[in-house]
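Listed below are the residues making up each chain.
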Amino acid sequence: MLGLRTTIYKVGDINTAKKWYSDAFQSKPYFDEAFYVGFNIAGYELGLQPEEEPTTNKAESVINYWGVEDIEGEFNRFLELGATMHEKPTNVGGALVVASIKDPWGNIIGLIYNPDFKL
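Quick look at the structure, then.

Conventions and cut-offs
- Residues numbered from 1 in each chain as written.
- Predicted model: local features only at pLDDT ≥ 70, side-chain atom pairs only at ≥ 80, totals over all residues.
- Heavy atoms only, no water.
- Helix = DSSP H or I, 4+ residues; strand = E, 2+ residues; numbered from the N terminus.
- Buried < 20%, exposed > 50% of the residue type's maximum accessible area, 1.4 Å probe, protein only.
- Contact = heavy atoms within 4.5 Å.
- Areas by Shrake-Rupley, 256 points an atom, 1.4 Å probe, with all protein chains shown as cover.
- Lys, Arg positive; Asp, Glu negative; His and termini not counted.
- Charge placed at Lys NZ, Arg CZ, Asp CG, Glu CD.
- Salt bridge = Lys/Arg side-chain N within 4 Å of Asp/Glu carboxyl O.
- Arc of directions from axis to C-beta.
- Pairing = 2+ DSSP bridges.
- Axes fitted to C-alpha atoms, helices over the stretch in contact; angles between N-to-C directions.

## Concerning the overall build of the chain
Part 1 of the reasoning: Counting secondary structure elements, the chain contains 2 helices and 8 strands.
Part 2 of the reasoning: For the chain, the succession of helices and strands along the chain, N to C, is β-α-β-β-β-β-α-β-β-β.
Part 3 of the reasoning: Buried residues in the chain amount to 39% of all 119 residues.
Part 4 of the reasoning: Considering only contacts in the chain between residues 6 or more positions apart, those separated by 24 or more positions represent 52%.
Part 5 of the reasoning: Looking at the chain as shown, the accessible area adds up to about 7200 Å², and 53% of this sits on carbon and sulfur atoms.
Part 6 of the reasoning: Taking the 10 positively charged and 17 negatively charged side chains of the chain as two groups, their mean positions are separated by 2 Å.

Following this line, the structure appears as structure tokens:
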């Protein structure tokens, strides 16, 4: 195993999602086609794919966590952009804090503050 490489979010309106994710992750896509929009987020792939049958009723069995320095600030910034709370920032031991939100398409985006994580 080489580690996590890509996180894909399925969205009902890829053009609106492209704008929302550009604002949310403060990054422009490096790949932009009708079938896939790709972002490079600190060396990791965030991809958007259009859904054939758009739904906001998404499974909650897997959460990918994106590292942040200021979890409260980023959590609140995502909410200001139109995300909804999934899990408020919670200390899960030591200095680790996790939180999650749902994007406007129902996808869960996890946030984690982990000062011990090193690539």
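Further notes follow.
## Looking at the pattern of salt bridges
Part 1 of the reasoning: Taken as a whole and assessed by the stated rule, the structure comprises 5 salt bridges.
Part 2 of the reasoning: Across the pair Glu51 and Lys58 runs a salt bridge, and its minimum N-O distance is 3.2 Å.
Part 3 of the reasoning: Overall, Glu51 belongs to the buried group, its relative accessible area being 16%.
Part 4 of the reasoning: Overall, the relative accessible area of 17% leaves Lys58 in the buried class.
Part 5 of the reasoning: Linking Lys102 and Glu60 is a salt bridge whose minimum nitrogen-to-oxygen distance equals 2.7 Å. Of this pair, Lys102 sits in strand S7 (residues 96–102) while Glu60 sits in the loop between strand S4 (44–50) and strand S5 (65–67), and the two are 42 residues apart along the sequence.

## Focus on helix H2 (residues 71–80)
Part 1 of the reasoning: The complete set of buried residues in H2 reads Ile71, Phe75, Arg77 and Phe78. Down the axis of H2, the sector holding all buried residues measures 160°, keeping them to one side.
Part 2 of the reasoning: The positive-phi residue at the C-terminal boundary of H2 is Gly82, with phi of around 110°.

## Things to note about the sheet that holds S5
Part 1 of the reasoning: In space, the 4 strands of this open sheet follow the order S5-S8-S7-S6, with mixed pairing throughout. The outermost strands of the open sheet, each flanked by one partner alone, are S5 and strand S6 (84–93). Across the sheet, the axes of successive neighbouring strands diverge by a mean angle of 25°, strand direction being ignored.
Part 2 of the reasoning: In the sheet, S7 pairs with strand S8 (residues 108–113) via 6 bridges, with the strands oriented antiparallel.

## Focus: the side chain of Arg77
Part 1 of the reasoning: On the secondary structure map, Arg77 appears in helix H2.
Part 2 of the reasoning: By relative accessible area, Arg77 is classed as buried at 17%.
Part 3 of the reasoning: Those residues within four positions of Arg77 in sequence are excluded, and the remaining contacts are Asp23, Ala24 and Gln26.

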